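Listed below are the residues making up each chain.
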Amino acid sequence: MQGYDLIIVGAGIVGLSTAWRAARSGARVLVLDKGSTAYEASSRATGFAGFPGGTPGEAHLAQVSEVLWDQLDDELGYPTEWTQKGRLWAAITASELEQLKATYQGFQESGIAAEFIDGRTCRDLIPSLTADTLGGIHTSRSGHANPQRTSQAFAWAFQDLGGEIRERTPVLEILTAGGKVKGVRTSEGEIHGGAVVLSAAAHNAPLLAPLALDFPVAPVRLEAFVTAPLPRLFEQAIVAHGLAVRQTRRGNIHVNGGPHEWLDAGIAGEMAKPTTPLVRNIARRLYEVFPALRSAQMLRSWAGVIDVTPDQITLIHPFDTPSGLVACSSAGHGFGLSPALGLALSDLALHGGTNLPIGDLTLARFANLPKDWRRVWNWQPGSYNT
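Here's what I pulled together on the structure shown here.

Moving on, we come to the sheet that holds strand β19 (residues 315-318). Spatially, β9-β3-β2-β13-β20-β19 is the arrangement adopted by the six strands of the open sheet, whose pairing is mixed. A strand with exactly one partner marks an edge of an open sheet, and here the two such strands are β9 (164-166) and β19. Put simply, the sheet's adjacent strands are angled 15° from each other on average, direction ignored. Of the pairings in the sheet, the one linking β19 to strand β20 (residues 325-329) comprises four bridges and is antiparallel in character. Across the sheet, residue Leu-315 finds its bridge partner in β20, namely Ser-329. Sitting on the sheet, helix α1 (residues 13-24) is in contact with β2 (6-9), β3 (29-32), β9 and β20, with an inclination near 165° to β2. The sheet strands contacting helix α9 (residues 334-351) are β2, β13 (196-198), β19 and β20, and the helix crosses β20 at an angle near 160°.

Here it is in structure tokens:
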């Protein structure tokens with residue numbers, strides 16, 4: 001029943017970033033996770049850091065994150081392998097090209113510096129792209145980092161400040177009293193705190209349901225793999241043919257992509273993450289984008305679970321009742337936005353407000369969402385987001 005200034009549920013990269021920010025301000029912080037640190041979505045991320053394409057609501061927060069990424073290694077005191085060489089969204093089919101034109105409108109609305117370029121210019125930037133490349137969106141801003149290294153860096157920096165992480169300690173209930181949050185009940189008993197941040201991905205929803213609070217997220221399985229190290233082919237972060245691709249410092253090609261299978265989540269249970277035949281489909285599409293990779297050796301593959309909101313945009317909400325409770329779903333964008341999300345969530349939990357631009361990211365935008373939205377959209381376990 002120890003007392004903490006802040007209890008964070010979920011030891012993923014967003015929870016760890018929040019914990020580090022709060023500890024830097026002098027708060028006594030505890031992070032709880034049902035499994036291992038950064039074991040779920042954070043360790044499965046592609047590692048893109050920067051601007052989510054076509055989502056103006058996140059653009060301002062992304063711009064804050066970009067500034068923070070540039071100084072993160074020095075502030076944390078540990079390496080993230082941050083590489084800022086820009087991002088390219090490439091189209092190799094006519095339908096993809098039309099989709100990119102719609103995405104480009106989002107860039108124009110949000111004021112992010114980007115240009116729509118033809119296929120030849122795409123290949124001038126990245127010669128290893130297929131000759132079938134028709135065009136793309138390029139921004140010299142944005143970059144990528146190592147998900148495992150970055151999660152580790154946040155965790156170590158937080159612990160250096162005296163922060164505490166308890167693994168394999170599932171949170172079973174949010175405790176309240178007099179309209180305020182007072183802590184959590186875990187498998188090991190009650191733990192009290194002045195504020196609680198939920199960054200437990202899809203597990204947020206069942207934790208909030210007993211408080212009659214709806215939190216619309218759906219868990220989905222993400223397939224990924226890396227190749228053995230290869231000579232340097234490109235340094236940019238690349239989105240193409242339904243894939244997210246980067247080349248690591250060691251030379252591995254790191255890729256993930258859909259379609260993804262919808263799952264269901266309980267309060268603390270482990271969700272199935274089997275690697276499926278979808279990996280073969282991902283490999284085929286990777287070769288279609290980069291023909292030179294046809295003979296590349298796959299080193300390992302895996303599957304992880306990410307939480308997706310109905311509009312696939314980050315959700316941050318500080319609740320009025322109970323006060324002191326804040327919940328966040330990063331909708332698959334948590335890695336890139338983690339520096340700014342951590343700062344915003346820490347501010348909200350400890351001070352009741354933040355100067356960061358989160359006004360468009362709250363639950364208010366889902367006021368008219370039907371209760372059975374997952375059934376209506378067929379975002380149900382066993383279905384695919386094709």
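Time to look at the layout of surface pockets. By volume, the second largest pocket amounts to about 480 Å³. Along its surface, the second largest pocket is lined by 19 residues, and Asp-214, Phe-215, Pro-216, Lys-371 and Trp-373 are the ones closest to its centre. Counting only elements with at least two residues in the lining of the second largest pocket, the list comes to α7 (204-208) and α10 (373-377).

Attention now moves to the sheet that holds strand β11 (residues 180-186). The sheet built from four strands is open, its strands ordered β1-β12-β11-β10 with mixed pairing. Lying at the two open borders of the sheet, with one neighbouring strand each, are β1 (3-4) and β10 (171-177).

Leu-6, Val-29, Leu-61, Phe-158 and Ile-316 are the most contacted members of the largest nonpolar core, which has 46 residues in total. Only β2, α1, β3, α3 (56-76), α6 (147-160), β20 and α9 provide two or more residues apiece to this core. Top element by residues in this core is α9. It accounts for eight residues. Once residues lying within four places of it in the same chain are set aside, the contact partners of Leu-61 are Ile-316, Leu-337, Ala-340, Leu-341, Leu-356, Pro-357, Ile-358 and Leu-361.

Moving on, we come to the pairing of strand β17 (residues 253-257). Summarising burial for β17: five of the five residues are buried, a large majority. Taken together, the five bridges between strand β16 (residues 243-247) and β17 define a ladder with antiparallel strand orientation. Looking at β17, one finds that Ala-244 is bridged to Asn-256. Between the end of β16 and the start of β17, which pair antiparallel, lie five residues, with Gly-251 showing a positive phi angle near 105°.

Cut-offs and rules
- Residues numbered from 1 in each chain as written.
- Predicted model: local features only at pLDDT ≥ 70, side-chain atom pairs only at ≥ 80, totals over all residues.
- Heavy atoms only, no water.
- Pairing = 2+ DSSP bridges.
- Helix = DSSP H or I, 4+ residues; strand = E, 2+ residues; numbered from the N terminus.
- Axes fitted to C-alpha atoms, helices over the stretch in contact; angles between N-to-C directions.
- Contact = heavy atoms within 4.5 Å.
- 1 Å grid on protein atoms, 1.4 Å probe; cavity = no way out; pocket = protein on both sides within 12 Å on 5 of 7 lines; lining within 4 Å.
- Points joined across faces, edges and corners; volume = space filled by probe spheres on them.
- Core = buried A, V, L, I, M, F, W, Y, C linked by side-chain atoms within 4.5 Å.
- Buried < 20%, exposed > 50% of the residue type's maximum accessible area, 1.4 Å probe, protein only.

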